[in-house]
Amino acid sequence: MPESKRRKKKATYTPPTAPAEVKESPRWWVPTAVVLMVVGMLWVVVTYIVQAAGPIPGIGNLNLGIGFVVLLVGFLMTLRWR
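Residues numbered from 1 in each chain as written. Predicted model: local features only at pLDDT ≥ 70, side-chain atom pairs only at ≥ 80, totals over all residues. Heavy atoms only, no water.

A. Spatial organisation of the side chain of Thr-47. Counting through the fold element by element, Thr-47 comes out in helix H1 (residues 29-49). On the accessibility criterion, Thr-47 (3% relative accessible area) is buried. Here the side chain of Thr-47 touches Trp-43 through a polar contact of 2.7 Å, landing on its backbone oxygen. (Helix = DSSP H or I, 4+ residues; strand = E, 2+ residues; numbered from the N terminus. Buried < 20%, exposed > 50% of the residue type's maximum accessible area, 1.4 Å probe, protein only. Polar contact = N/O pair within 3.5 Å; in protein donor to acceptor, adjacent residues only side chain to side chain.)

B. Structural detail: the packing of aromatic side chains. Applying the stated criterion across every chain yields a total of one aromatic pair. Their ring planes at 50° and their centres at 5.4 Å tell us that Trp-28 and Trp-29 sit as a pair that is tilted. (Phe/Tyr/Trp six-rings, centres within 6.5 Å; stacked < 30°, edge-to-face > 60°.)

C. Spotlight on the side chain of Asn-63. The residue Asn-63 is located in helix H2 (residues 62-79) in this model. Taking relative accessible area as the criterion, Asn-63 reaches 0% and is therefore assigned buried. Beyond its immediate chain neighbours, meaning those up to four positions away, Asn-63 contacts Trp-43, Thr-47, Ala-52, Gly-54, Pro-55 and Ile-56. (Contact = heavy atoms within 4.5 Å.)

As structure tokens, this is what we get:
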């Protein structure tokens, strides 16, 4: 009777190498993100209070866009924080 093939032994377990050094954000990263979010929110609030006549007069509702962009940049910075 023919003999069945034997299974090959798996390679021995080698633990993964030590993780690379954890990168940290610069110290100014979080304060900058918070300031941008606050400034963006204040920009939007001021635009609503003065009925699109400011903070930059003459551009109307683009003030809302500027406020939201500044707010969004601050939020995106929080996603990159380590």
